[in-house]
Amino acid sequence: MKMFIENEIEQLASTPFDTVDSTKHGKDDIDTRLKWLGLFHRRKHHYGKFMMRFKLPNGVSSAAQTHYLASVIEQYGKDGCADVTTRQNWQIRGVVLQDVPSILKGLEQVGLSSLQSGMDNVRNPVGNPLAGIDPDEIIDTRPYTEALSDYIINNGKGNTSITNLPRKWNVCVVGSHDLYEHPHINDLAYMPALKEGRMGFNLLVGGFFSPKRCAEAVPLDAWVPEEEVVAVCKAVLETYRDLGTRGNRQKCRMMWLIDELGIEEFRSEVEKRMVGKLSRAANKDLISQTWERRNYFGVHPQKQKGLYYIGLHIPVGRLQASEMHELASLAELYGTGELRLTVEQNIIVPNVQTEKLDAFMKEPLLTRFSASPSLLQANLVACTGSQFCGMAIIETKARAQKLTEDLEKTMEVTRPIRMHWTGCPNSCGQVQVADIGFMGCMARDENKKPCEGVDIFLGGRVGADSHLGDMLLSGIPCKNLLPVVQEILVEHFGAKRKA
Ligand code: SRM
Ligand code: SF4
């Protein structure tokens, strides 16, 4: 943070990479401390190159932002690419240290920040990807996710009071019955709820995934009016910062503190850090328990008459520079330049007028980013995996694509099936929320030789009856996966084999 606030990054960037990497302190800067500035050195699989992660509240990306990020990665040739992440965010790749000061300036000019996006920091605030455009929305989440982000990074200047949390921390604001934001797996989730006629939010706390333990968020029995969204976030974060354990990193997420104190004691610690009393939860939140989660692909009318949003499928969230430029240009030509990123690693183009719809749907880019993806492709999610991630046990993105294509060729399904892949037990690809989840592990082949494999999860739910899935099978070699998944599709999802 000091490097950013006092501009020491200029000095680091002007030192040859090998020189920085030759000392213990320099190595630690490169591999760990730069994560506070959103820079992740890919030492194992992309030496000398950084992944850069941002704050993109609510997943809203303007044309200027999308074009700018594309212009950064295009200078890195085949090393440069971008991903839509499972927190409706952009990540770019190929960044070299010497370019960082100019990239930071460029980011500022387009209103983006990479601050505090890794290590023990608050991650991208997630909101409803259809905020402000959905005829059925309960509340527009954008003002809240933006206010949260502004507080978290102090309007892009850095907020050092919350940059040394016991561990990472996730927040989301729910805006529709669909629960696109996955409130049950965030450390703090705001659920829209009316109390005595006032709009506000009931709070859920403590949802998280980690290799040793996964927990669904629990009610805090607290309600805040909409104007106290930031104040209560600050109070929860300060409670966690002040009281959370800082020992074994497998036991430091906020739920461990909630368990240690008990929910009432945790609540009273939060209340102590607020001005005034914390209200008890409203009797009921505004989420319908019988709502069927909607599909956002294709063309849908917005709440604004004569305007439409179009959901596009981005295969496993990966884009090249030219594709990002093209998407941003399409959004400018047909809409207002804006893109909405989703936690399923897809993109929605909002604000397209009726008379422009036909031409939009004929754009060549839609043959790659389909508006009507197949039932198996549409919700396919895959984390970074071993192509770039040093923690990965297996390759994910290409493998997820290949298996899905093989399943499409051989199976007939009648409803969307959400398949998630994650390269290791950290579960960045959220296998526990998937219909079928694949978590990377080492397995043994028929000759007892170690090979890349997966543990298979089944039965995760999102939406009204959200709950986490359980492991069904363990240690299946990846090369033997096709018949195993075909069988799961038949047995659990009513699929039929093609002739
Ligand atoms: Fe994650 C660490 C990628 C969402 C749980 N995650 C990492 C690192 C930074 C590891 C590293 O240094 O290489 C990965 C960077 C790989 C790369 O090069 O891209 C990484 N995580 C991702 C992304 C990009 C996956 C994706 O393909 O979309 C997601 C970025 C979201 C963002 O924009 O900020 C991502 N990670 C998640 C999620 C999902 C979520 O937030 O809903 C989780 C599980 C939920 C949670 O945290 O409660 C998640 N990531 C982890 C963990 C395990 C945390 C724990 O408490 O044990 C780690 C490892 C760690 O922190 O020690 C980790
Ligand atoms: Fe890397 Fe593991 Fe996260 Fe995948 S789940 S991005 S392999 S840390």
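Residues numbered from 1 in each chain as written. Chains lettered and ligands numbered in written order. Predicted model: local features only at pLDDT ≥ 70, side-chain atom pairs only at ≥ 80, totals over all residues. Heavy atoms only, no water.

A. Quick peek at the coordination of the iron atom of ligand 1. Exactly one protein atom donates to the iron atom of ligand 1; that atom is Cys-428 (SG), 2.3 Å from the metal. On the secondary structure map, Cys-428 appears in the loop between strand S19 (419–422) and strand S20 (436–444). (Donors = N, O, S within 2.8 Å, 3.2 Å for Na, K, Ca; no water. Helix = DSSP H or I, 4+ residues; strand = E, 2+ residues; numbered from the N terminus.)

B. Structural view of the packing of helix H7 (residues 142–152) against helix H8 (residues 229–243). One can describe the packing of H7 onto H8 by two numbers: an axis separation of 9 Å at closest approach and a directional angle of 45 degrees. What the angle tells us is that H7 and H8 run oblique. Seen from above, H7 lies across H8 with right-handed handedness. Note on element contacts: H8 touches H7 through Val-229, Val-230, Cys-233, Lys-234 and Leu-237, opposite Tyr-144, Ala-147, Leu-148 and Tyr-151. When grouped by side-chain class, the residues that make up the contact of H7 with H8 number eight nonpolar, no polar and one charged. (Axes fitted to C-alpha atoms, helices over the stretch in contact; angles between N-to-C directions. Parallel < 35°, antiparallel > 145°, perpendicular 65-115°, else oblique. Left-handed = near helix turned anticlockwise from the far one by under 90°. Contact = heavy atoms within 4.5 Å. Nonpolar A, V, L, I, M, F, W, Y, C, P; charged D, E, K, R; others polar.)

C. The packing of aromatic side chains, seen in detail. Scanning the model with the defined rule gives eight aromatic pairs in all. Each ring, one from Trp-421 and one from Phe-438, has its centre 4.4 Å from the other, and the planes form 25 degrees; the classification is stacked. Here Phe-438 lies in strand S20 and Trp-421 lies in strand S19, a separation of 17 residues in the sequence. The rings of Phe-17, Tyr-47 and Phe-50 are connected pair by pair, giving a single aromatic cluster. The ring centre of Trp-256 lies 4.6 Å from the NZ or CZ of Arg-213, which sits over that ring. (Phe/Tyr/Trp six-rings, centres within 6.5 Å; stacked < 30°, edge-to-face > 60°. Lys NZ or Arg CZ within 6 Å of the ring centre and 35° of its normal.)

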